[in-house]
2 protein chains.
Amino acid sequence: MAESERVVPVHPIFLANLRDHVHHNLRDAIVAGRFQDGERLSERDLARELGVSTTPLKEALRQLESEGLVRTEARRGVYVTFGAQQAEEMSLARAALESMIARLAAKRAEPSDVERLRDLVRRMEGATAAGDITLLIDLNEAFHGHIHEASGCDYLCRLQAKQQMYNHTIRVGLLGEAEERGLALGEHRAIAEAIATGDQDAAERIMRDHVVRSGQRHVQTVFGATRLGDTI
Amino acid sequence: MAESERVVPVHPIFLANLRDHVHHNLRDAIVAGRFQDGERLSERDLARELGVSTTPLKEALRQLESEGLVRTEARRGVYVTFGAQQAEEMSLARAALESMIARLAAKRAEPSDVERLRDLVRRMEGATAAGDITLLIDLNEAFHGHIHEASGCDYLCRLQAKQQMYNHTIRVGLLGEAEERGLALGEHRAIAEAIATGDQDAAERIMRDHVVRSGQRHVQTVFGATRLGDTI
DNA sequence: CATTGAAATCTGATATATCAAGCATCAGAT
DNA sequence: ATCTGATGCTTGATATATCAGATTTCAATG
């Protein structure tokens, strides 16, 4: 028996390091709106508050900067750049990327992928009817995850994940509303069928509208009124 | 006379620092294919070659990592992650984002924006007829830049810029072909008209196909055969 | 000869000291 | 009272020393 059937290699990324801890901490705090837009961060003070040296903190800040969540001005300070408009645009970015992924999934999906997506939709129907929000969150994630897999994309999926502003708590809040559950179910069903029939344009359009809609709902709950107003 | 009419404030970002130099150097080298996909980089060696300490290099590497161009395995090494597939996906990411921006531009463009875009198209026609590639490159950039402006987007445009794999040299090569110049001109004209008439769906679709097409041409010249083959 | 495992070596991770630029303060000049 | 500019403090930028994990080497062992 090959050993590979009994154990699985550990991915080196799993090993914890301070930089990623700090990065996740700060990212969560920023996208949750716990920092004011434009608020100034001091590297020294932040490092002291976090109990780390400035080296891993600086690396985490550079990652956040690359993600567009902070802006660094040399010898002046680091400033948070995340407010309502950026949240909206981040949501649109995710819609654009996720809909491109859906288009590719519609083009490349195998029959087994279609079967799996339809099965997930059926189980979503059950969870929606039962109002099992925790299960629904897992199924939603599995649904989008399988579309990613069927698309055969890697970079696009990683880039899309960086546009994500939800954590588990926020998802619970969003899906707590029965209306949202119903809308999402219908959209997921339509996306699955578009992929099943290989209709790339439909898959892209429905996915885009789905992500835009749920994103706007989220942004509104976090930031209040949105400038976009009408749907795109 | 207000002083602001005679001088313009310097942006703090303009001030040079080693980190950004290193980042630009490495990014250019990677997207130009001057590193093998999977090639290992040593922080110490690279820092020595570049003549900097590991601190700014580490920060540059974290930015590249956030952009998906390298992957760091703790205490093992930093590996370049950029090959044909990733180049394709990066091109698709730009298409997705740029087409979302075009959609928003079609929704929000003012008459003055439309006038400016049409003027740029006219000048592109002239430059195309004259075969003035340098001018054409500038006009292309101005055209896309003005669509960005008309869209009112900031984050989306910055994210889009990160998907860019062209530098001036590569553009000269691409637009060196008369066929490419003709195709691009027609697409630009159609995009301008879609924005002018507020046709969001058309603006998005034409922009997407435009970016996908020119991206595939570029990827093919750099990496040879593409897996995508047929157009999406 | 194959295998083991400890030591040496290499690596990224982290902490810290130092540097120079930005900025505020305030004394001195007008 | 206002303006000037020198001074000192704060800040991010950079270099470097050190740490501990990962890998390799190689001699001891069966």
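One can find the structure itself at the top, above this paragraph.
All of the points below concern the structure found in this document. Here the residue numbering is sequential within each chain, running from 1 through the sequence in written order. By the order in which they are written, chains take letters starting at A while ligands take numbers starting at 1. Reporting in this predicted model follows two pLDDT cut-offs: at least 70 for local features of residues, and 80 or more for side-chain atom pairs to be given and counted; totals over whole chains, interfaces and linings ignore these cut-offs and use all residues. Calculation of side-chain values draws on the structure's entire complement of heavy atoms; hydrogens and water are dropped beforehand.

Moving on, we come to the protein's contact with DNA strand D. Here a residue is considered near a molecule or strand provided that any single heavy atom belonging to it is located within 4 Å of it. In the region of DNA strand D, 26 residues are neighbours, and A:Arg44, B:Leu18, B:Arg19, B:Thr55 and B:Arg76 sit closest. Each atom of DNA strand D within 4 Å of the protein belongs either to a base or to sugar and phosphate, the latter forming 66%. Contacts described as polar in this section are N or O atom pairs within 3.5 Å, which, within protein, must combine one atom able to donate a hydrogen with one able to accept it, while residues neighboring in sequence count only if both atoms come from side chains. A distance of 3.0 Å separates a phosphate oxygen of DNA strand D from a polar backbone atom of A:Glu43. In this structure, a sugar or linking oxygen belonging to DNA strand D sits 3.3 Å away from a side-chain N or O atom of B:Arg75. Put simply, DSSP marks the helices as runs of H or I at least four residues long and the strands as runs of E at least two long, and each gets a number from the N terminus on. Secondary-structure elements contributing two or more residues to the surface near DNA strand D are β1 (40–41), α2 (43–50), α3 (54–66), β2 (70–73) and β3 (77–80) of chain A together with α1 (18–31) and α3 (54–66) of chain B. Broken down by element, the surface near DNA strand D gets its largest block of residues, three residues, from α3(B). Split by residue class, the surface near DNA strand D holds seven nonpolar, seven polar and 12 charged. Basically, the charged four are Asp, Glu, Lys and Arg, the nonpolar ten are Ala, Val, Leu, Ile, Met, Phe, Trp, Tyr, Cys and Pro, and anything else, Gly included, counts as polar.

Least squares is the method for superposing the copies, and the C-alpha atoms it fits come from residues with pLDDT of at least 70 in both. With an RMSD of 0.1 Å, the operation that places chain B on chain A is a rotation of 180° combined with a shift of 0.0 Å along the axis. A rotation of that kind, with that shift, is consistent with a two-fold axis. Most of the interface of chain B is mirrored in chain A, where 100% of its interface residues are also at the interface. By the convention used here, residues are in contact when the closest approach between their heavy atoms is within 4.5 Å.

Okay, the interface of chain B and chain A next. Taken residue by residue, the interface counts 46 residues in chain B and 46 residues in chain A. What counts as buried area is the accessible surface, traced by a 1.4 Å probe, that two parts surrender upon association, with contributions from both included. Approximately 4000 Å² of surface area, both sides summed, lies buried where chain B meets chain A, with 57% of it carried by carbon and sulfur atoms. By definition here, a salt bridge exists when the distance from a side-chain nitrogen of Lys or Arg to a carboxyl oxygen of Asp or Glu is within 4 Å. Summed over the shared surface of chain B and chain A, the result is six salt bridges. One salt bridge in this structure joins A:Glu65 and B:Arg19, with 3.7 Å as the shortest N-O distance. At the boundary of chain B and chain A, one finds 19 residue pairs in polar contact (both at pLDDT 80 or more). Element by element, the count of residues in the side of chain B that touches chain A is highest for helix α4 (residues 84–108) of chain B, at 14 residues. Looking at side-chain class alone, the side of chain B that touches chain A contains 16 nonpolar, 10 polar and 20 charged residues.

With that settled, the discussion passes to the environment of A:Gln36. Relative to the assigned elements, A:Gln36 resides in the loop between α1 (18–31) and β1. Counting along the chain gives 10 residues from A:Gln36 to A:Leu26, while the straight-line C-alpha distance between them is 13 Å.

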